[in-house]
Amino acid sequence: MASAGGGAAGEGEWLKVAELRAVVQAQDPRAKEVDNLTLRRFLRARDHNVEKAAAMFLKFLKWRREAAPDGFVPEERVRRELAQDKAWMGGVDRAGRPILVGFLARHYSADRDMAEYKSFVVYFFDKICARGQEKFLAIVDLQGWGYANCDVRAYIASIEIMQNYYPERLGKALMINVPYIFMKVWKTMIYPFIDANTRDKFVFVEDKNLHETLRQEIDESQLPEYLGGKMPLIALKDYAQQPESA
């Protein structure tokens, strides 16, 4: 029993999931509404330590009730963020994982409200997770990125939300068209906040290897048109599928 990109689970792992379920349901009855695959992601994020996974999951339940009290983030709460068209939905990679494309040069730190931005991060993670696969592939395009776009607080907030509340969802992040100055910011100010299980998922693609790397990961029929493929992108604000309540 496994979802695309999730990795097969053996009997021992499912027994651990059952143990985790018993622990969290005893402390928060609302855990009954959560499926086993979700619990397995939290378990894997804590290297199958039930106690640590339970603490992480219970923190998630509390956070979720505050971040999305209706079960999802309404569009009107993130309307300004959506208007910037910095997050798009694509096809799927060769492993069947849905593709999210982000354009970081369309984000400006001076225009950002942190509360709305965090809601936007939840909104787009819910959208990508609603596609049904456990993991997704991100293409993070930094073409045109400069000092006006540099927003370390927002980047760290995004990573912390992903690590703490959407564990084991990111399959891989292909960082493309990366300017030198961004690498300096990444190494000195962002990288230290990324946990060990997530760091290796960020792959910085050299310009000379871009074509080859993209086609190793994505079939031409699913590759975004602007990167030489045949798949048109859909702006996140136009992606109609509603996220499932968590």
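Residues numbered from 1 in each chain as written. Predicted model: local features only at pLDDT ≥ 70, side-chain atom pairs only at ≥ 80, totals over all residues. Heavy atoms only, no water.

The name an unreviewed UniProt entry gives the protein chain is CRAL-TRIO domain-containing protein, with Urochloa decumbens as the organism.

A. A look at the nonpolar core. F57 and F125 are the most contacted members of the largest nonpolar core, which has 65 residues in total. Membership of the second largest hydrophobic core comes to 15 residues, among which are I99, I176, V205 and I218. (Core = buried A, V, L, I, M, F, W, Y, C linked by side-chain atoms within 4.5 Å. Buried < 20%, exposed > 50% of the residue type's maximum accessible area, 1.4 Å probe, protein only.)

B. Representation of the packing of aromatic side chains within the structure. Under the definition given, this model contains 17 aromatic pairs. Between F60 and W63, the ring centres sit 6.1 Å apart and the planes meet at 35 degrees, which makes this aromatic pair tilted. You can see F60 and its partner W63 sitting in helix α3 (residues 50-67), three residues apart, about one turn around the helix. Considered together, F60 and W63 belong to a single accessibility category, that of buried residues. Residues F182 and W186 carry aromatic rings whose centres are separated by 6.1 Å and whose planes lie at 35 degrees to one another, so their mutual orientation is tilted. Of this pair, F182 and W186 both sit in helix α7 (residues 180-190), separated by four residues, roughly a single helical turn. Classification of F182 by relative accessible area gives buried; the value is 1%. Members of the aromatic cluster, connected to one another through ring pairs, are F42, F57, F60, W63, Y117, F120, F124, F125, F136, Y165 and Y166. (Phe/Tyr/Trp six-rings, centres within 6.5 Å; stacked < 30°, edge-to-face > 60°. Helix = DSSP H or I, 4+ residues; strand = E, 2+ residues; numbered from the N terminus.)

C. Region of the structure containing unusual backbone geometry. Positive phi outside glycine occurs at D47, with the angle close to 50 degrees. With respect to the helices, strands and loops of the structure, D47 is situated in the loop between α2 (36-45) and α3. Phi is positive for D85, which is not a glycine, with a value near 50 degrees. Within the element layout of this structure, D85 appears in the loop between α4 (79-83) and β1 (87-92).

D. Structural view of the pattern of salt bridges. All told, the structure shown has 18 salt bridges when counted by the stated rule. Of the charged contacts in the structure, one is a salt bridge between D28 and R30, with a shortest N-O distance of 3.4 Å. Between D28 and R65 there is a salt bridge, with its nearest N and O atoms 3.1 Å apart. Linking D28 in the loop between α1 (11-27) and α2 with R65 in helix α3, this pair joins segments that are 37 residues apart in sequence. The exposure class of D28 is buried, given its relative accessible area of 8%. Judged by relative accessible area, which is 34%, R65 ranks as partly exposed. Salt bridges linked by common partners bring D93, R97, K172 and E217 together as one network. (Salt bridge = Lys/Arg side-chain N within 4 Å of Asp/Glu carboxyl O.)

E. Just the UniProt feature "domain: CRAL-TRIO" (unreviewed entry) in the protein chain, in detail. When the UniProt feature table is mapped onto this chain, "domain: CRAL-TRIO" (unreviewed entry) is found at residues 74-235. When the span residues 74-235 is considered, its composition is 36% helix and 19% strand, and the gap between its end C-alpha atoms is 16 Å. (UniProt positions renumbered as here; feature names shortened; annotations may be inferred.)

F. Just the side chain of N177, in detail. Among the secondary structure elements, N177 is positioned in the loop between β4 (170-176) and α7. Polar side-chain contacts of N177 include one of 2.9 Å to the side chain of D141. Look past the residues within four positions of N177 in its chain and what remains in contact with it is D141, L142, Q143, D207 and L210. (Polar contact = N/O pair within 3.5 Å; in protein donor to acceptor, adjacent residues only side chain to side chain. Contact = heavy atoms within 4.5 Å.)

G. Geometry of α7. Among all positions of α7, only F182, V185, W186 and I190 are buried. The buried residues of α7 all sit within an arc of 100 degrees when viewed along its axis, so they share a single face. Residues of α7 that are exposed and point more than 90 degrees away from the buried face comprise Y180, K187 and T188. Where α7 is buried, its residues touch α6 (152-165), β4 and β5 (202-204). (Arc of directions from axis to C-beta.)

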